[in-house]
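Remarks on the overall topology
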Amino acid sequence: MGRGRAKAKQVKVARQLKYNSGGTDLDRLRDELGVGDPSRSDDADDLNDELADRYADYADDYGAGDDDDGRSSGRR
């Protein structure tokens, strides 16, 4: 017979979660997810430029037209 109290408590908690969505700390969430601050985008742009340059070098060295390793492309 103790099910009534447990169910009432679950309903109460569910209503609190549904209707009281305030109090979310967006800065903490941003830190947890690893999303950078928009005002600090200069570092991210520099990193992206560095990665783009690095992979451009790979594209120059191993271009798409250099398929001389003898493997087929998987098409039949």
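**A few points about a nonpolar patch on the surface**
On the surface, Leu 47, Leu 51, Tyr 55, Tyr 58 and Tyr 62 cluster together into a nonpolar patch covering about 590 Å² of accessible area. Along the polypeptide, Tyr 62 turns up in the segment after helix H3 (41-61).

**Here's the deal with the pattern of salt bridges**
Across all of its chains, the model carries three salt bridges by this definition. Between Arg 30 and Asp 27 there is a salt bridge, with its nearest N and O atoms 3.0 Å apart. Taken together, the residues span about one helical turn, with Arg 30 and Asp 27 both in helix H2 (residues 26-33) at a distance of three residues. On the basis of relative accessibility, which here comes to 29%, the residue Arg 30 falls in the partly exposed class. We note a salt bridge from Glu 50 to Arg 54, for which the minimum N-O separation is 3.2 Å.

**Overview of the confidence of the model for the protein**
Note that predicted coordinates carrying low pLDDT should not be read in detail. Mean pLDDT over the protein: 76, with 70% of residues reaching 70 or higher. Mean pLDDT per element in the protein: H3 is the minimum at 78, and helix H1 (residues 3-19) is the maximum at 90.

**Structural notes on H2**
Counting buried positions along H2 gives zero out of eight residues, so the element sits mostly on the surface. One or two positions beyond H2, positive phi appears at Gly 34, with a value near 80°.

**Describing H1**
For H1, which comprises 17 residues, the first-to-last C-alpha distance of 24 Å matches the rise-based estimate of 24 Å (1.5 Å per residue) to within 8%. Little of H1 is tucked away: zero of the 17 residues are buried.

Conventions and cut-offs
- Residue numbers run consecutively from 1 along every chain, following the written order of its sequence.
- Confidence filtering applies because this is a predicted model: local features only for residues at pLDDT of at least 70, side-chain atom pairs given and counted only at 80 or more, and all residues used for totals across whole chains, interfaces and linings.
- The side-chain quantities take in all heavy atoms of the structure and omit both hydrogens and water.
- Patches were defined on residues exceeding 30% relative accessible area and lacking a salt bridge, with like-charge contacts within 9 Å and nonpolar side-chain contacts (Val, Leu, Ile, Met, Phe, Trp, Tyr) within 5 Å.
- Surface exposure here means Shrake-Rupley accessible area, sampled with a 1.4 Å probe, where a residue is shielded only by the protein chains that are shown.
- Basic side-chain nitrogens of Lys or Arg form a salt bridge, by our definition, when they fall within 4 Å of a carboxyl oxygen of Asp or Glu.
- Strands are runs of DSSP state E lasting at least 2 residues, helices are runs of H or I lasting at least 4, and numbering of each runs from the N terminus.
- Here's how the labels work: a residue is buried when its accessible area is under 20% of the maximum for its type, exposed when over 50%, partly exposed in between, all with a 1.4 Å probe on protein chains only.
- The pLDDT value expresses, per residue, how confident the predictor is, ranging between 0 and 100.
- By this rule, a helix spans an expected 1.5 Å times one less than how many residues it contains.

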